[in-house]
Amino acid sequence: MTVPLSVLDLAPVGTGTSIGTALRNSITLAKEVEALGYHRFWLAEHHSMPGIASSAPAVMIGQVAVATERIRVGSGGVMLPNHAPLVVAEQFGTLDALFPGRIDLGIGRAPGTDQVTAHALRRGQLGAEDFPQELAALRAYVAGDFPADHPYAAITAVPGHGAQFAMWLLGSSTYSAQVAGLLGLPFAFARHFSPAQTMPALKAYRATFKPSDVLDEPYAMVTVSVLAADDDEQARYLAAPQKLAMARLRAGNPGQYPTPEEAAANPLTPQQEQLVSGMSGGAIVGSPDTVSRGLADLQAETEANEIMVSTVTHALEDRLRSYRIVAEVAADALTADPA
């Protein structure tokens, strides 16, 4: 059988373009990948980054769901330290009521931004260390099962209570993997962000997994950066801006997403290459054959139940072309033993 293929989108804002264009491009992309047979379309949450427009996933999920018909739409993810659990329950309860059977709530523990912006988002009240309590509160709002003596027991999340959206935990380390396993929830690993931790996290998830009313067995999805083009040289040329953007971000100087010409004119120094290697090392970049082999190797190594592809380019046409190539090669590259 073929492993399902999904999409993680960041609504990249390319040099010389507008935020409105970036957001409309994401909607165009969602319609295209739905037609290509992708299973789900998730939007990330990032803040204070001029090159990424996906700061409000719940808003964009509604727009994408309206523009599509079948594809599941969700957050990859909502960063729980940035939001009151009641608000998240209400937002995704609303989405579930409008688009039943199509909404995913992927939840992350990191703020998705720098410390100053994180402080502004929640005014310094909570941090990642409060994640277990915040997650428990969110689940209680949806299930309506706060203990009778809990201060919030009298609150009903409307919409939210009884909603049927799918809840996932996201992570780039073993922490969220273990939490997802213990709670019996599906787990999405951010390999595009932390390739070296892929196998430790997946092993931790599978080792700690306890069956629940959500899952009888572990269900792990792996997100990978992919850029496919007609040949390896063209793919590397189109992928070069990603490294430049990461280097600028790591240096505290984020900007709009560079063009390939800008990246070619600003080659990374050895120090910059070293700085971004931890993230870029797991990317699959190349021709259809190269990408097919890369996806097959990834599937063989991780035994993922689902693969989520994240492709960032300056031009929408190049992004669309990449997703088309991936869809073409995936049938042969992403197969799993039904046993």
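Source: prediction; values computed, not measured.

1. With respect to the environment of alanine 118
Mapped onto the secondary structure, alanine 118 falls in helix α4 (residues 115–122). A relative accessible area of 15% places alanine 118 in the buried class. Alanine 118 sits 165 residues away from alanine 283 along the chain, and the two C-alpha atoms are 28 Å apart.

2. Regarding the pattern of salt bridges
Here the structure, examined in full by the defined rule, presents 9 salt bridges. Aspartate 104 is the salt-bridge partner of arginine 40, the closest N and O atoms lying 2.7 Å from each other. In this pair, arginine 40 is assigned in strand β2 (residues 40–43) and aspartate 104 in strand β4 (residues 103–108), connecting sequence segments 64 residues apart. Note on accessibility: arginine 40 and aspartate 104 belong to one class, buried. Here arginine 248 and glutamate 262 are joined by a salt bridge, their closest N and O atoms 3.1 Å apart. Note that arginine 248 is positioned in helix α8 (residues 232–250) and glutamate 262 in helix α9 (residues 260–265), a separation of 14 residues in sequence. Taken together, the shared-partner salt bridges in this structure form one network comprising Arg40, Arg72, Asp104 and Glu306.

3. Description of the pairing of strand β7 (residues 220–228)
Burial runs high along β7: 9 of the 9 residues are buried. Along β7, one buried face is formed by Ala220, Val222, Val224, Val226 and Ala228 and the opposite face, lined by Met221, Thr223, Ser225 and Leu227, is buried too. One ladder, built from 4 bridges, connects strand β6 (residues 187–190) with β7; its direction is parallel. Its bridge partner being in β7, phenylalanine 189 is matched across the sheet by valine 222. For the handedness criterion, the β-α-β arrangement of β6, helix α7 (residues 198–208) and β7 is classed as right-handed. Note: β7 against strand β9 (residues 306–310), 5 bridges, orientation parallel.

4. Some remarks on the pairing of β2
One face of the sheet, then the other: side chains in a regular strand alternate in exactly this way. The side-chain alternation of β2 yields two buried faces, one formed by Arg40 and Trp42 and the other by Phe41 and Leu43. Summarising the sheet, strand β1 (residues 5–9) and β2 pair through 3 bridges and their orientation is parallel. Each bridged residue has a counterpart across the sheet, and for leucine 8 the counterpart in β2 is tryptophan 42. As defined by bridge partners, β2 adjoins strand β3 (residues 72–79) across 4 bridges and the pair is classed as parallel. Residue pairing across strands places leucine 43 opposite serine 75, the latter belonging to β3. One crossover worth recording links β2 to the parallel β3 by way of helix α2 (residues 57–67), and it is right-handed.

5. Considering helix α10 (residues 270–280)
Within α10, the full set of buried residues consists of Val276, Met279 and Ser280. The buried residues of α10 occupy an angular sector of 70° when the element is viewed end-on, so they sit on one face. Facing away from the buried side of α10 by over 90 degrees, the exposed positions are Pro270, Gln271 and Gln274. Looking at the buried side of α10, the elements it contacts are α8.

6. Notes on the packing of aromatic side chains
On inspection of all chains with the given rule, the structure shows 10 aromatic pairs. Relative to tryptophan 168, the ring of tryptophan 42 has its centre 5.3 Å away and its plane inclined at 85°; by these criteria the two rings are edge-to-face. Here tryptophan 168 lies in strand β5 (residues 166–171) and tryptophan 42 lies in strand β2, a separation of 126 residues in the sequence. Each member of the pair, tryptophan 42 as well as tryptophan 168, carries the same accessibility label: buried. For the ring pair phenylalanine 146 and tyrosine 152, a centre distance of 6.1 Å and an interplane angle of 85° mean the geometry is edge-to-face. Exposure remark for tyrosine 152: the relative accessible area of 39% places this residue in the partly exposed category. By the ring-pair criterion, three or more aromatic residues cluster together here, those being Phe187, Phe189, Tyr205 and Phe209.

The rules behind the values
Residues numbered from 1 in each chain as written. Predicted model: local features only at pLDDT ≥ 70, side-chain atom pairs only at ≥ 80, totals over all residues. Heavy atoms only, no water. Helix = DSSP H or I, 4+ residues; strand = E, 2+ residues; numbered from the N terminus. Buried < 20%, exposed > 50% of the residue type's maximum accessible area, 1.4 Å probe, protein only. Salt bridge = Lys/Arg side-chain N within 4 Å of Asp/Glu carboxyl O. Pairing = 2+ DSSP bridges. Right-handed = clockwise from strand over helix to strand, strands pointing away. Arc of directions from axis to C-beta. Contact = heavy atoms within 4.5 Å. Phe/Tyr/Trp six-rings, centres within 6.5 Å; stacked < 30°, edge-to-face > 60°.

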